[in-house]
Amino acid sequence: MPPTFNLPFVLSVAGAFLTSAVVAAIYVWPAVRAMPRYDALRLLAAFNAFRFLGMNFMVAGFVSSELSSEFASEVGWGDLIAAVLALLSMAALSWRWSIAIPMVWIFNVWGTLDLLNAYYMGATQIQNPGLFGAGIYIPALYVPLLLISHVLAFMILVRAGAEEKTL
């Protein structure tokens, strides 16, 4: 049986994506594009360093006790790993480690795939978004912001790589 979707929740998430993309295009992208590469990537990684908030999906009372513990664990631990990778990327960029850019690539790929996996799991396994309880703001608001930040980081990484090849 195909999953059923809660239309108000889907529209809320779509609105958050649209708004995040518009704000990023108008305000964030021009600013980070003008910054030195390491500084721009560090700023975008800093936003993702707060992804430990996803661990709240495993906190009793924060979400419904009916929420799948498998879903909660996968989302929570995936976000914690992304937060740690973001912090390591920030350190590597700050201290200009030789592995800084590869570290950002690892963080950005992991972080993006983790968020897409969480959305896929949520859409196919969670029929009632009310089970997210207080955590509803995470997929409805925070995840769209995070995904847009990953897109911006990919744009900086790819653009810088293309510029280096033309030199």
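The structure displayed is predicted, hence computed values, not measured ones.

Chemist: Explanation requested: the overall build of the chain in the structure shown.
Modeler: Along its length, the chain carries five helices and zero strands. Overall, the chain shows an N-to-C arrangement of helices and strands of α-α-α-α-α. Against the compact-globule benchmark of 15 Å for 167 residues, the chain has a radius of gyration of 17 Å, which places it among compact chains. Viewed in the frame of its principal axes, the chain has a C-alpha envelope of about 55 × 30 × 25 Å. Put simply, of all contacts in the chain between residues at least 6 apart along the chain, 82% involve residues at least 24 apart. If you sum the accessible surface of the chain, you get close to 8900 Å²; carbon and sulfur atoms cover 73% of it. Between the averaged position of the 7 positive side-chain charges in the chain and that of its 8 negative side-chain charges there is a distance of 17 Å.

Chemist: Honestly, the pattern of salt bridges in this entry has me stumped. Any pointers?
Modeler: Proximity of charged atoms lets side chains of opposite charge pair with each other. On inspection of all chains with the given rule, the structure shows three salt bridges. For D114, the salt bridge goes to R51, with nearest N and O atoms at 2.7 Å. In this pair, D114 sits in helix α4 (residues 100–125) while R51 sits in the loop between α2 (37–48) and α3 (69–94), placing the two residues 63 residues apart along the sequence. Three or more residues joined by partner-sharing salt bridges are found here, namely R51, D79 and D114.

Chemist: Could you clarify how one ought to interpret the nonpolar core in this entry?
Modeler: What tends to happen in soluble globular proteins is that the nonpolar side chains get buried as a cluster. Ranked by internal contacts, the top residues of the largest apolar core, which has 22 residues, are F57, L67, F71, I126, F132 and V143. When contributions to this core are tallied by element, the ones reaching two or more residues are α1 (7–34), α3, α4 and α5 (137–166). Looking at this core element by element, the count peaks at six residues for α5. The contacts of F71, once residues within four sequence positions are left out, are A118, M121, G122, Q125, I126 and F132. One finds A92, L93, V104 and I148 within the second-largest nonpolar core, a separate group that totals 17 residues.

Chemist: Please clarify how the side chain of R51 should be interpreted in this entry.
Modeler: Among the residues examined, R51 registers a relative accessible area of 0% and is labelled buried. There is a polar contact of 2.7 Å between the side chain of R51 and the side chain of D114. Ignoring any residue separated from it by four or fewer positions in sequence, one finds R51 in contact with D79, L80, A82, A83, G111, D114, L115, Y142, L146 and H150.

Chemist: Help me out: how do you make sense of the confidence of the model for the chain in this one?
Modeler: Close inspection of predicted coordinates is inappropriate for parts of the model with low pLDDT. For the chain, mean pLDDT is 92; residues scoring 70 or higher make up 93% of the total. The secondary-structure element of the chain with the lowest mean pLDDT is α5, recorded at 87, while α2 shows the highest, at 98.

Chemist: I'm lost on the environment of L152 in this one. Help?
Modeler: With respect to the helices and strands, the residue L152 is situated in helix α5. For L152, a relative accessible area of 7% translates into the label buried. Measuring from C-alpha to C-alpha, the distance between L152 and L53 comes to 21 Å, with 99 residues separating the pair along the chain. Setting aside residues no more than four positions away along its own chain, L152 makes contact with A24, V28, W29 and L44.

Chemist: Can you help me understand α3 in this one?
Modeler: Residues that lie three or four places apart on an α-helix share one face, since the helix turns once every 3.6 residues. In this model α3 runs 37 Å from its N-terminal to its C-terminal C-alpha over 26 residues, within 8% of the 38 Å that 1.5 Å per residue would give. The opening residue of α3 is S68, an N-cap whose side-chain oxygen sits 3.3 Å from the backbone nitrogen of E70. Looking one or two places after α3, you find R96, whose phi comes out positive at around 55°.

Chemist: Just to check I follow, could you spell out the side chain of S20 for this structure?
Modeler: With respect to the helices and strands, S20 occurs in helix α1. Other than its neighbours up to four places away in sequence, S20 contacts P144, L145 and I148.

Chemist: What should I look at first to understand the packing of aromatic side chains in this one?
Modeler: In this description, an aromatic ring pair is defined by two values, namely the gap between the centres and the angle between the planes. Tallying each qualifying case throughout the model produces nine aromatic pairs. Ring geometry for F47 against Y142: centres 5.7 Å apart, planes inclined by 70°, an arrangement best described as edge-to-face. Pair noted here: F47 is in helix α2 and Y142 is in helix α5, with a separation of 95 residues, a long-range link. Look at F47 and you get partly exposed, because its relative accessible area is 30%. Note on W95 and W97: the rings are 5.6 Å apart at their centroids and 35° apart in plane angle, and the pair reads as tilted. Its relative accessible area of 60% is what places W95 among the exposed residues. In textbook terms, an aromatic cluster arises when at least three aromatic residues are bridged by ring pairs, as seen for F9, F57, F71 and F132.

Rules of the game
Residues numbered from 1 in each chain as written. Predicted model: local features only at pLDDT ≥ 70, side-chain atom pairs only at ≥ 80, totals over all residues. Heavy atoms only, no water. Helix = DSSP H or I, 4+ residues; strand = E, 2+ residues; numbered from the N terminus. Rg over C-alpha atoms; globule rule 2.2 N^0.38 Å. Contact = heavy atoms within 4.5 Å. Areas by Shrake-Rupley, 256 points an atom, 1.4 Å probe, with all protein chains shown as cover. Lys, Arg positive; Asp, Glu negative; His and termini not counted. Charge placed at Lys NZ, Arg CZ, Asp CG, Glu CD. Salt bridge = Lys/Arg side-chain N within 4 Å of Asp/Glu carboxyl O. Core = buried A, V, L, I, M, F, W, Y, C linked by side-chain atoms within 4.5 Å. Buried < 20%, exposed > 50% of the residue type's maximum accessible area, 1.4 Å probe, protein only. Polar contact = N/O pair within 3.5 Å; in protein donor to acceptor, adjacent residues only side chain to side chain. pLDDT = per-residue confidence, 0-100. Expected span 1.5 Å × (residues − 1). Phe/Tyr/Trp six-rings, centres within 6.5 Å; stacked < 30°, edge-to-face > 60°.

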